[in-house]
2 protein chains.
Amino acid sequence: MNLRFSNALILSRPDKPLMRGDVCVTEGKIVSVGGASSGFAADKVIDCGGNLLMSGFCNAHTHAAMCLFRGVADDLPLDRWLFERIFPLEDHLTPEDVYWGTMLQIAEFVKNGITCMADMYFYPDSVYAAAKNADLCLALCGGANSSSSYDVVKFIEEMYNKYSTISDRVRYFPGLHAEYTCEESLISAVADLAAETGAPTYIHLSETLKEVGECTVRHGGLTPPQYLHKLGFFDNGGLAAHCTYADKDDISLLAQSGVTPVINGGSNLKLASGIAPVFSMLQSGMHPALGTDGAASNNATSMFREMYLYSCLQKETMKDAAAVGAEDALAAATVNGYRALGFAGGSIEPGMFADLVLVDLAQPNMHPLSDPKKNLVYSADASAVLMTVAGGKIVYEKGIYHIGESLDKIYRECAARIGRLLTEAHF
Amino acid sequence: MNLRFSNALILSRPDKPLMRGDVCVTEGKIVSVGGASSGFAADKVIDCGGNLLMSGFCNAHTHAAMCLFRGVADDLPLDRWLFERIFPLEDHLTPEDVYWGTMLQIAEFVKNGITCMADMYFYPDSVYAAAKNADLCLALCGGANSSSSYDVVKFIEEMYNKYSTISDRVRYFPGLHAEYTCEESLISAVADLAAETGAPTYIHLSETLKEVGECTVRHGGLTPPQYLHKLGFFDNGGLAAHCTYADKDDISLLAQSGVTPVINGGSNLKLASGIAPVFSMLQSGMHPALGTDGAASNNATSMFREMYLYSCLQKETMKDAAAVGAEDALAAATVNGYRALGFAGGSIEPGMFADLVLVDLAQPNMHPLSDPKKNLVYSADASAVLMTVAGGKIVYEKGIYHIGESLDKIYRECAARIGRLLTEAHF
């Protein structure tokens, strides 16, 4: 299938000037960018109408099926949110619950221009089935802990073997929930598995000050990054979600070992967890990725909101309105995430996945068009998304979803399932 | 004209439970709420399709025509933003520029569900003409300073006399830009005018720490609220935009004199100005209103974003995820603003203006429907707005704007005008 996106204002990468022209796609990958591409034999031409074509967003940290819990655990601190609401509900989750919750989240993702997700949750087979429906680029991340009722290391190994070769749009990251929920023997065993396979790893890291403080007490003064490095968890690099309280030494350590922090500004604000030191990370040469976290703690999963927060929370924290610019936020939301996850995507360049978003420039909040990049970060929201393309397939277009299940069925299934879960958890 | 909005899920006020039923409107005002209203002789029935009907938003602080400057002054600190970019551009503004800039802003407002605006800017006659086009509820606020080239007090008096009786949907607030741009004689003269007319006033107040510090040096240790109270500026109450650095005594003073703080979380973040003490204001019994500020500093003008920030920035600041709940944010965005401005609106109750927003519940980010109020604040964005009704007239419906000018013409005019202004200001 050969596709031509014609008449576009192309944002190839956040650090490049915009250009006008066509983008040609063959078998789900970009083959040419810019110019009029009249020699390309397209099976289908999509007229972009002069609107802005950019990379789809990479949501580099989420728990997609937690979408089921949206609106049932708001206005609570992280500890009570997690231990009193979320864990009791999760105790009753079935693989089918995870499938339908993930489908609801994917519907929201494609409406919001998200084409790649790093998902940490239960039942990866269900998550994979849902993501495959919508052709999303998927990184499955282990997220078990020492309370898990199954053999975690064996399971991670099985999943790694199954999903590492299934498609160039799927990867599996051996990973764990967090230092504070995992015993040392489990962390070491996953580190050993990473060493054997050469796989980078994934974990929640230094999300709250409580986590950091308690870790230093438990482990002879070591912060979570220091402790995990000592155990070899990051010997092949990887990704660390949150890093809200990564200090100067932590940032240096993570940068040295090639670990990408995934910033979740919206979730951290709502749970009152803090604001990650993005300015320092950028100064250290890191390329942070961006995530929405799960819908139970954010509750939107909009990369537009996350881009705005990535830049503006840092301006406020540093008391410097120039601290982190719009272009940095665009990079975090696209190319940084794809590259950290090891996918050929996140920019509109030959060889990259045709994971694309068409942004409506005819909406009032995009005018005047003095600087479309600034408008994207500071002014746009998800209503600007006209079309989302994942792996060369149109998965969303003007209110129509092509994600393998109907919205009506997704809504019915999710309503019934959260009703059952609330009853089973005795809420 | 009798209108019936049938089959709605009605959010009459943020502190009331949702109900199902009809809302009937006669001559731009609500006459009945709830039930099936079969006896009402409607000229037109609008089937809400089970979607959520709520009050239109009150944007209680904006500079609408600054929409022209969107994208030309980003990633700069407030001082440089104001003195190096904004003031030089404003030196060249014509009444026609303000009309077209305001029209662009109004297009964005109605798309985002905003039906009432408190506008502080030049050429109030242009602002009034634009707002009248779209039937918006309008509070015009004086915003001149001691550098203004005309007789400010005379002008305020003329405008007050002209706009105080023109319509029950228009009010004029004698006001000034800020303490740091106005000499004492000017502030006193406006205070005298307020005393004569009984009018409440409007001003930017304690927006930055610099403003507060310099005020205390200039005025014998008095903070901006203390200094303005001393001069009698707030003897009839009024509204104060920002109040970012209002301390405990300031809050008490403002509360006593019935001054409503207008919170502008988005603008304050982007300009690195700070986070207003909303929690303390609520504890003091205040009912803060919410504003977007101008599009040159925000840059979106979405009350969805402002509601999210109103609640979540406070959670983070107070390190308490329960500090300010979703219902408080909804009140700030609707009823608090309308009431502070003296308009009969902001809630769906008999006698109130038919300023309404129909919110799409069929979008993924509104599901599950476990708690629609939480979803509105934490998960919704402007793409949820199906219809906006101002004074009983449909001003926006599914991408169609009824605001007296076409989008194409507005975009063309604004593009040409910002081009001319940038040239004239030698940028």
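Residues numbered from 1 in each chain as written. Chains lettered and ligands numbered in written order. Predicted model: local features only at pLDDT ≥ 70, side-chain atom pairs only at ≥ 80, totals over all residues.

Describing the overall build of chain A
Basically, it comes down to this: The secondary structure listing takes helices from DSSP runs of H or I that are at least 4 residues long and strands from runs of E that are at least 2 residues long, numbered from the N terminus. We take the radius of gyration over the C-alpha atoms and set the globule estimate at 2.2 Å times the residue count to the 0.38 power. Partly exposed residues are those whose C-beta has more than 12 but fewer than 20 other C-beta atoms within 10 Å; with 20 or more the residue is buried, with 12 or fewer it is exposed, and the C-beta atoms are placed from the backbone.
A count of helices and strands for chain A gives 15 helices and 18 strands. The globule rule puts the C-alpha radius of gyration for 427 residues at 22 Å, and the 21 Å found for chain A is close to it. For chain A, the spread of C-alpha atoms along the principal axes amounts to about 65 × 45 × 45 Å. When each of the 427 residues of chain A is scored for burial, the buried share is 59%.

As for the relation of the copies chain A and chain B
The condition is simple: The copies were overlaid by least squares, fitting only the C-alpha atoms of residues that reach a pLDDT of 70 or more in each copy.
Here chain A sits on chain B after a turn of 180 degrees about the axis and a move of 0.0 Å along it, with an RMSD of 0.0 Å. In short, the pair behaves as if placed about a two-fold rotation axis. Among all residues of chain A, the minimum C-alpha distance to the rotation axis is found for Ser383 of chain A, at 2.2 Å.

Observations concerning the sheet that holds strand S12 (residues 238-242) of chain A
By definition, the strands of a sheet pair up through backbone hydrogen bonds, in either a parallel or an antiparallel sense. Filter applied, for reference: Two strands pair under a simple rule: DSSP has to find at least two bridges between them.
Judged by pairing direction, the sheet is parallel, and its five strands sit side by side in the order S10-S11-S12-S13-S14 (chain A) without closing on themselves. Two strands bound the open sheet, and with one partner strand each, they are strand S10 (175-178) and strand S14 (289-290) of chain A.

Section: the environment of Tyr180 of chain A
Residues and elements named next belong to chain A. For clarity, the cut-off: Remark: residues whose backbone-derived C-beta atoms lie within 7 Å of one another are considered to be in contact.
With respect to the helices, strands and loops of the structure, Tyr180 is situated in the loop between S10 and helix H5 (184-197). When the C-alpha positions of Tyr180 and Ile203 are compared, they lie 11 Å apart, and in sequence the two are 23 residues distant. In contact with Tyr180, other than residues within four places in its own chain, are Glu211, Glu214 and Cys215.

Here we look at helix H11 (residues 303-318) of chain A
The following threshold applies: A helix is expected to span 1.5 Å for every residue after the first.
When the terminal C-alpha atoms of H11 of chain A are compared, their 22 Å separation across 16 residues agrees well with the 22 Å that a helix rising 1.5 Å per residue should span. By the criterion of burial, H11 of chain A is predominantly enclosed, with 14 of the 16 residues buried.

Some points on the interface of chain A and chain B
Note the cut-off: In the scheme used here, Gly and all other residues not listed as nonpolar or charged are polar, with Ala, Val, Leu, Ile, Met, Phe, Trp, Tyr, Cys and Pro taken as nonpolar and Asp, Glu, Lys and Arg as charged.
On the side of chain B, 48 residues touch chain A, which itself brings 48 residues to the contact. At the level of elements, helix H2 (95-111), helix H9 (265-270), H11, helix H14 (372-379) and helix H15 (407-424) of chain A are the ones that each hand at least two residues to the side of chain A that touches chain B. Residue composition of the side of chain A that touches chain B, grouped by class: 25 nonpolar, 10 polar and 13 charged.

Some words on the sheet that holds strand S6 (residues 57-62) of chain A
Residue and element names in this part refer to chain A. For clarity, the threshold we go by: What counts as an axis is a line fitted to C-alpha atoms, over the stretch in contact for a helix, and the angles between N-to-C directions run from 0 to 180 degrees.
The parallel open sheet is built from four strands, whose spatial order is S6-S7-S8-S9. The strands lining the two open edges of the sheet, one partner per strand, are S6 and strand S9 (170-173). Each adjacent strand pair in this sheet contributes to an overall mean axis angle of 15 degrees, direction not counted. Of the pairings in the sheet, the one linking strand S7 (residues 114-120) to strand S8 (residues 137-141) comprises five bridges and is parallel in character. When the sheet's bridge partners are listed, Ala118 is paired in S8 with Ala139. Packing of helix H4 (residues 152-163) onto the sheet brings it into contact with S8 and S9, and relative to S9 it is tilted by some 160 degrees.

Some points on the packing of helix H12 (residues 326-333) of chain A against H14 of chain A
Residue and element names in this part refer to chain A. The cut-off we apply is this: In these notes the angle categories are as follows: under 35 degrees is roughly parallel, over 145 is roughly antiparallel, 65 to 115 is roughly perpendicular, and the rest is oblique.
With their axes 9 Å apart at the nearest point, H12 and H14 run at an angle of 70 degrees to one another. The angle between the axes of H12 and H14 places the two elements in the roughly perpendicular class. Across the interface between the two elements, Ala326, Glu327, Ala329 and Leu330 from H12 touch Lys373, Lys374, Leu376, Val377 and Tyr378 from H14. Split into classes, the residues belonging to the contact of H12 with H14 amount to six nonpolar, no polar and three charged.

Concerning the domain arrangement of chain A
Residue and element names in this part refer to chain A. Our working rule: As used throughout, domain bounds are those supplied by an automatic or database domain assignment.
Segmentation of chain A into domains returns domain 1 (2-55 + 346-401) and domain 2 (57-340). Its C-alpha centre places domain 1 at a distance of 28 Å from the equivalent point of domain 2. Of the residues lining the interface, 25 residues belong to domain 1; the matching set on domain 2 comes to 28 residues. Looking at the side of domain 1 that touches domain 2, the elements that each hand over two or more residues are H14, strand S16 (385-390) and strand S17 (393-397). Considering every element that reaches the side of domain 1 that touches domain 2, the biggest residue donor is H14, with five residues.

Digging into helix H6 (residues 209-218) of chain B
Residues and elements named next belong to chain B. The criterion, for reference: Taking the helix axis as origin, the arc is that swept by the directions to the C-beta atoms.
Glu211, Val212 and Cys215 are the residues of H6 that are buried. Buried residues of H6, seen end-on, are gathered within an arc of 95 degrees and therefore sit on one face of the element. In H6, the exposed positions that point more than 90 degrees away from the buried face belong to Gly213 and Val217. The secondary structure elements touched by the buried residues of H6 are strand S10 (175-178) and helix H7 (224-230). Gly220 sits one or two residues past H6 and shows a positive phi near 55 degrees.

So, the packing of helix H4 (residues 152-163) of chain B against helix H5 (residues 184-197) of chain B
Residue and element names in this part refer to chain B. Rule in force here: Left-handed describes a crossing whose near helix is turned anticlockwise from the far helix by less than a right angle; the clockwise case is right-handed.
The geometry of H4 relative to H5 is characterised by a closest axis approach of 10 Å and an angle of 25 degrees between their N-to-C directions. With respect to each other, H4 and H5 are oriented roughly parallel. For the element pair H4 and H5, the recorded crossing hand is right-handed. Between H4, through Val152, Val153, Ile156, Glu157 and Tyr160, and H5, the contact on the second element is made entirely by Leu186, Ala189, Val190, Leu193 and Thr197.

As for the pairing of strand S12 (residues 238-242) of chain B
Residues and elements named next belong to chain B. For S12, the buried fraction is high: five of the five residues fall into the buried class. Bridge count between strand S11 (residues 201-205) and S12: five bridges; the pairing is parallel. Across the sheet, the residue bridging to Leu205 is His242, located in S12. Pairing geometry for S12 and strand S13 (residues 259-263), over four bridges, is parallel.

Observations concerning unusual backbone geometry
Each neighbour pair has its own omega, and for Asn298 of chain A with Asn299 of chain A the value is -5 degrees, a cis peptide bond. Within the secondary structure layout, Asn299 of chain A lies in the loop between S14 and H11. Even without a glycine there, the phi angle at His426 of chain A is positive, about 60 degrees. Its place among the elements puts His426 of chain A in the segment after H15. You can call His426 of chain A exposed: it has 6 C-beta atoms within 10 Å. Of note, the phi angle at Asn7 of chain B is positive, near 60 degrees, even though the residue is not glycine. By the element assignment, Asn7 of chain B lies in strand S1 (residues 2-11).

Concerning the confidence of the model for chain A
Definition in use: Each residue gets a pLDDT score, which is the predictor's confidence in that residue and runs from 0 to 100.
Residue-level pLDDT values for chain A average 96, and 100% of them are 70 or greater. Interface confidence in the predicted complex, given as ipTM, is 0.96; pTM for the same model is 0.97.

Notes on the pairing of strand S1 (residues 2-11) of chain A
Residue and element names in this part refer to chain A. Sheet analysis places S1 next to strand S2 (residues 19-26), joined by seven bridges and oriented antiparallel. Within the sheet, the bridge partner assigned to Asn2 lies in S2 and is Thr26. For S1 and strand S4 (residues 44-47), the ladder comprises four bridges, and the chain directions are parallel. The residue of S4 that forms the bridge with Ser6 is Asp47. With three bridges connecting them, S1 and strand S5 (residues 52-55) associate as parallel partners.

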